[in-house]
Amino acid sequence: MNSEDYLKDISEIKTLMNKSSRFISLSGLSGILAGLYALIGASFAYWFYTLDGNEYIVIESEIFNFLILDLLVVGVLSIGTAILLTTKKAKENDEKIWDSLTKRLLTSFILPLLTGGIYILIILNQQKYGQTGALMLLFYGLALLNASKYTLGDVKYLGYTQIVLGLLCAVFPSYGFWFWVIGFGFMHIIYGASMYYKYDRK
């Protein structure tokens, strides 16, 4: 066996080990679309807030109900698109979409996210609104970081970015909306584009 064959075999073994320990069918395009959904949702929220004219948002207000609906629509669209495009990519790569690895990935991602969601609802019910944006970014970043060990390593960098933005948002809460736009909108687009050109483009 010459050196070229040896290196080729090593590369193939490494690829097989990577496939068996990491879920690699995440779609970069779904990240781009999630970012676009977030920017569109943020635009509607800003427009509705401007029309409302009130300086503060309280839990009993009409704008609060609109913001919750807005977030739910963005979330459902983002999750639905991710499932659709990731399933499509997995089939194209002849990979399983649902196995023990996928379960570990989802558990690692959902647990911090669910914990953060419940905590945010608790403090909103206590009429503590100032840190909502920061907490959303922080728990989402922690969820990404926690799940990154079961998928493409690049995901952890998006997690680190969200955590940093969340901490900055906590320091400057009056700019919470704009940190949210950067984190969930622009960073998703940048990350998704990077992943698309790195892994998805044929």
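Everything in this summary refers to the structure shown in the same document.

Definitions and limits used
- Residues numbered from 1 in each chain as written.
- Predicted model: local features only at pLDDT ≥ 70, side-chain atom pairs only at ≥ 80, totals over all residues.
- Heavy atoms only, no water.
- Helix = DSSP H or I, 4+ residues; strand = E, 2+ residues; numbered from the N terminus.
- Buried < 20%, exposed > 50% of the residue type's maximum accessible area, 1.4 Å probe, protein only.
- Contact = heavy atoms within 4.5 Å.
- Areas by Shrake-Rupley, 256 points an atom, 1.4 Å probe, with all protein chains shown as cover.
- Expected span 1.5 Å × (residues − 1).
- Polar contact = N/O pair within 3.5 Å; in protein donor to acceptor, adjacent residues only side chain to side chain.
- Patch = residues over 30% accessible without salt bridge, like charges linked within 9 Å, V, L, I, M, F, W, Y side chains within 5 Å.
- Salt bridge = Lys/Arg side-chain N within 4 Å of Asp/Glu carboxyl O.

Each helix and strand counted, the protein chain has seven helices and zero strands in total. Seen in sequence order, the protein chain has helices and strands lined up from the N terminus as α-α-α-α-α-α-α. Within the span of the protein chain, comprising 202 residues, buried residues form 36% of the whole. Across the protein chain, every contact between residues at least 6 apart in sequence was considered, and the portion connecting residues at least 24 apart equals 74%. Only carbon and sulfur atoms are counted for the fraction: they give 68% of the accessible area of the protein chain, which is about 12600 Å².

Further remarks concern helix α5 (residues 132–147). Under the 1.5 Å per step criterion, the end-to-end length of α5 is 22 Å for 16 residues, consistent within 8% with the ideal 22 Å. Burial of α5 is extensive: 12 of the 16 residues sit out of reach of the surface.

Right, let's get into the side chain of histidine 188. Relative to the helices and strands, histidine 188 is located in helix α7 (residues 176–200). There is a polar contact of 2.7 Å between the side chain of histidine 188 and the side chain of tyrosine 140. In this view, histidine 188 contacts Gly31, Ile32, Gly35, Tyr140, Leu158 and Gly183; residues no more than four positions away in its chain are not counted.

A surface patch of nonpolar side chains, amounting to about 730 Å² of accessible area, comprises Tyr46, Val164, Leu168, Val171, Phe172, Tyr175 and Trp178. Ranked by the residues each element gives to the nonpolar patch, the list is headed by helix α6 (residues 155–171), at three residues. Along the chain, the position of valine 164 falls in helix α6.

Purely spatial values, then, with no claim about function.
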